[in-house]
Amino acid sequence: MDVRVKNGRIVDADRVYQGDVYIKDGKIAAIMTGDEVIAAAEEIDAKGNFIFPGGIDPHVHFNDPGYNWRETFSTGSKAAAAGGITTIIDMPLQNTPNLLNINAYKNKAEAVKNASYIDYCFWGGFVNDNIADFDGMADIGAKHFKAFMSSAGSDYPFVNNGIIKKAMEKLAGTKLMLGFHCEDYHIIAEEEKKITQAGKNTRRDFLDSRPLIAEFIATKNIIDMAGYTGAKVHICHVSHPEVAEEIRKAKHQGVKITAETCPHYLVFTEEDMLEKGTLLKCAPPLRNRQAREGLWQYVLDGTLDCVVSDHSPASSEEKLDDGGKKSIWDVWSGISGVQTGFQVIFNEVYHKRKLSPCYVAKMMSLGAAKAFDLYPAKGAVIPGADGDLAIVDPEKEWEIKGDKLLYTNKISGFEGLKGKGCVVTSILRGQVIYQNEIIVGKPGYGRLIQ
Ligand SMILES: [Zn+2]
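Treat the numbers as computed from the prediction; the structure is a model and nothing was measured.

Basis of the calculations
Residues numbered from 1 in each chain as written. Predicted model: local features only at pLDDT ≥ 70, side-chain atom pairs only at ≥ 80, totals over all residues. Heavy atoms only, no water. Helix = DSSP H or I, 4+ residues; strand = E, 2+ residues; numbered from the N terminus. Expected span 1.5 Å × (residues − 1). Polar contact = N/O pair within 3.5 Å; in protein donor to acceptor, adjacent residues only side chain to side chain. Core = buried A, V, L, I, M, F, W, Y, C linked by side-chain atoms within 4.5 Å. Buried < 20%, exposed > 50% of the residue type's maximum accessible area, 1.4 Å probe, protein only. Pairing = 2+ DSSP bridges. Contact = heavy atoms within 4.5 Å. Donors = N, O, S within 2.8 Å, 3.2 Å for Na, K, Ca; no water. Axes fitted to C-alpha atoms, helices over the stretch in contact; angles between N-to-C directions. Parallel < 35°, antiparallel > 145°, perpendicular 65-115°, else oblique. Nonpolar A, V, L, I, M, F, W, Y, C, P; charged D, E, K, R; others polar. Salt bridge = Lys/Arg side-chain N within 4 Å of Asp/Glu carboxyl O.

Bringing helix 5 (residues 185-197) into the picture now. In this model, helix 5 (13 residues) spans 18 Å end to end at C-alpha, consistent with the 18 Å of a helix rising 1.5 Å per residue. Looking at where helix 5 begins, the residue whose side-chain oxygen comes 3.1 Å from the main-chain nitrogen of His 186 is Asp 184. Two residues or fewer after helix 5 comes Gly 199, characterised by a positive phi angle close to 75 degrees.

Among the nonpolar cores identified, the biggest contains 118 residues, and Phe 52, Phe 126, Met 168 and Phe 180 are the most heavily contacted of them. At eight residues, helix 14 (residues 358-371) tops the list of elements feeding residues into this core. Counting 18 residues, the second-largest nonpolar core is a separate cluster that includes Val 5, Val 381, Ala 385 and Ile 391.

Bridge count between strand 5 (residues 50-53) and strand 15 (residues 389-399): four bridges; the pairing is antiparallel. When the sheet's bridge partners are listed, Pro 53 is paired in strand 15 with Leu 389. As judged from the eight bridges shared by strand 15 and strand 16 (residues 418-428), these two strands associate in the antiparallel manner. When the bridges of strand 16 are listed, Leu 389 appears paired with Ile 427.

Within the secondary structure layout, Asp 20 lies in strand 2 (residues 16-24). For Asp 20, the side chain forms a polar contact with the main-chain nitrogen of Asn 7, separated by 3.1 Å. Beyond its immediate stretch of four places on either side in the chain, Asp 20 contacts Arg 4, Val 5, Lys 6, Asn 7, Ile 10, Ala 30, Ile 31 and Met 32.

Further remarks concern the coordination of the zinc ion. Within the protein, His 59 (NE2), His 61 (NE2) and Asp 310 (OD) serve as the donor atoms for the zinc ion, at 2.0 to 2.2 Å. On the primary sequence, the residues serving as donors to the zinc ion are separated as H-x1-H-x248-D. Here the residue His 59 occupies a position in strand 6 (residues 55-60), and Asp 310 occupies one in the loop between strand 14 (306-307) and helix 12 (316-319), the gap between them amounting to 251 residues. Exposure remark for His 59: the relative accessible area of 0% places this residue in the buried category.

Of the consecutive residues Thr 96 and Pro 97, the connecting peptide bond is found in the cis state with omega at -10 degrees. Along the chain, the position of Pro 97 falls in the loop between strand 7 (85-90) and helix 2 (102-112). Put simply, Tyr 375 and Pro 376 share a cis peptide bond, and its omega is 5 degrees. You can see Pro 376 is positioned in the loop between helix 14 and strand 15.

Where helix 7 (residues 212-229) meets helix 8 (residues 241-252), the axes come as close as 9 Å, and the angle between the chain directions of the two elements is 10 degrees. In this view, helix 7 runs roughly parallel relative to helix 8, as classed from their interaxial angle. Counted together, Leu 212, Glu 215, Phe 216, Thr 219, Lys 220 and Ile 223 of helix 7 and Glu 242, Val 243, Glu 246, Ile 247 and Ala 250 of helix 8 form the full contact between these two elements. Residues of the contact of helix 7 with helix 8, tallied by class, amount to six nonpolar, one polar and four charged.

Turning our attention to the sheet that holds strand 9 (residues 124-125). Strands sit in the order 9-10-11-12-13-14 across an open sheet of six strands; the sheet is parallel. The strands lining the two open edges of the sheet, one partner per strand, are strand 9 and strand 14. Bridge count for strand 9 against strand 10 (residues 144-148) is two bridges, and the pairing is parallel. Bridging from a neighbouring strand, Gly 124 pairs with Phe 145 of strand 10.

This part takes up the environment of Lys 281. In this structure, Lys 281 sits in the loop between helix 10 (270-276) and helix 11 (289-300). Exposure remark for Lys 281: the relative accessible area of 4% places this residue in the buried category. Placed 50 residues apart in sequence, Lys 281 and Val 331 show a C-alpha to C-alpha distance of 8.0 Å. If we ignore the near neighbours within four places in the chain, the residues touching Lys 281 are Phe 206, Met 273, Lys 319, Ile 328, Trp 329, Val 331, Trp 332, Ser 333, Gly 334 and Ile 335.

Counted according to the given criterion, the structure contains 35 salt bridges. Notably, a salt bridge pairs Glu 183 with Arg 210, separated by 3.0 Å at the nearest N-O pair. Taken together, the positions of Glu 183 in the loop between strand 11 (177-181) and helix 5 and Arg 210 in the loop between helix 6 (203-209) and helix 7 put the pair 27 residues apart, joining distant regions of the chain. The pair formed by Glu 183 and Arg 210 is uniform in burial state, with each residue classed as buried. One salt bridge connects Asp 322 with Lys 325, and the closest N-O pair in it is separated by 3.9 Å. The exposure class assigned to Lys 325 is exposed, which follows from its relative accessible area of 71%. Within this structure, Lys 27, Asp 119, Lys 378, Asp 386, Asp 388 and Arg 429 form a network of salt bridges that share partners.

Shown next as structure tokens:
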């Protein structure tokens, strides 16, 4: 054996048990629960700790190539490794060029191939005129195509129902999936117009400009279209239980739908954004306290398949409002969180809510592996799977501080948050990539999953 991770408590989807995990040639070769020991070249003692499947974050924006002042594959993947995330799926926008065809896909694969510390996939892009390019991207490994129902900037046009219907009819019956940012463009445009014409410019005004109905109606629309066409769809960053309830009903009716939410919707509220400011500006925006609590029910019952960071970094100049001097409308919308999601969710589930760590395994790994067709190679500590592990010390106390973040921009809305339990060792295909607060992996060891 190459590696033996011993004395830990292995966390499955439905049980936690004592055992040793053996890895050979990058894959989990055996799990031993008795006294028998097999010789291994390297031993890692996980005494007192939980052994989780390596985290999977299917929604990050590493901005590489092209927007490297915000993040790179190198810094983003290091941060992920430090947070127990061993696989990410990177978003197709804020790339030069955006991933809208096979050439852009190949260009990106080439650009980042020596950079990543963790395994990765790319979302393909879906805009108003590139359905014909899906086949080319799918041929070289794209399995998911991301579209916006609201504005995502002029170089990434949002889609309308005519285009969505065409794309869904094309992909229905295949394993390929369409993912959607669900907020209705027209509702938000009218709200913004009303508010800005009245000269309003506060944090509260931003929250009011993106009302729940915009997210609700856009999600309902995708559900209805998916039901009508039979296509597989994924709803990105659900922020509210009323939206999740529609997804629950759709799953019940047999619609091929999966969905995600983010740690920020599960721990923060709009009051936090009003108080803490633009570091917590995101879209959809944070909701009220009741909504936050309601959302948990849908994570725990599995309606929301996974918890993702939507890591969406920006420079201080872009992200901060300079003490109110910069307009709220001009501040970058997005939160950096790929490094801290695992520990935040572990603390919430295990310590605050006194629930089984099995929920954490589902939320941070297994759910995404199944939704994004990575299972059983990823997502579970089982023989035959990749040797991807996140070892968590359940009692280790932490406070999230900027100088500990490995991002290009060491700022995050999560700064200041305190809790207990965090990743102490990350292992990718049998190689330790993070241990004792140090990145020990090598850039380029992480590979593109096709
Ligand atoms: Zn995003």
